[in-house]
Amino acid sequence: MLGTPLDRRNFRKKIALKSWLSELDELEEDVTHRPGKLHKFKTKAAKASVSRKS
């Protein structure tokens, strides 16, 4: 996703620092484990990041 290998333990922190996502007030449903928080892409931030790499 970022073009570099990531340590799985730090993935959430690295992505949060990029400010590409906005957290929703929702959790996963119908899972047998602790539900994760749901996020969505911030459209303008994601597009700007992609265009800078091109």
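Everything numeric in this text was worked out from a predicted model, so none of it was measured.

Novice: What should I look at first to understand the overall build of the protein chain in this one?
Specialist: Broken down by element type, the protein chain carries two helices and two strands. Taken from N to C terminus, the helices and strands of the protein chain fall in the order α-β-β-α. Residue burial in the protein chain is summarised as follows: out of 54 residues, 11% are buried. When contacts within the protein chain are restricted to residue pairs at least 6 apart in sequence, those whose partners lie at least 24 apart make up 14%.

Novice: Just to check I follow, could you spell out the confidence of the model for the protein chain for this structure?
Specialist: Any region with low pLDDT has predicted coordinates that should not be read closely. When pLDDT is averaged along the protein chain, the result is 75; 74% of the residues meet or exceed 70. By mean pLDDT, the top-scoring element of the protein chain is strand 1 (residues 21-27) (85), and the lowest-scoring one is helix 2 (residues 43-53) (60).

Novice: Help me understand unusual backbone geometry, please; the structure alone is not making it clear to me.
Specialist: Comment: phi is negative for the bulk of residues other than glycine, and the bulk of peptide bonds are trans. Backbone geometry at Asp30 places phi at a positive 60 degrees, although glycine is not the residue there. Counting through the fold element by element, Asp30 comes out in the loop between strand 1 and strand 2 (37-41).

What counts as what
Residues numbered from 1 in each chain as written. Predicted model: local features only at pLDDT ≥ 70, side-chain atom pairs only at ≥ 80, totals over all residues. Heavy atoms only, no water. Helix = DSSP H or I, 4+ residues; strand = E, 2+ residues; numbered from the N terminus. Buried < 20%, exposed > 50% of the residue type's maximum accessible area, 1.4 Å probe, protein only. Contact = heavy atoms within 4.5 Å. pLDDT = per-residue confidence, 0-100.

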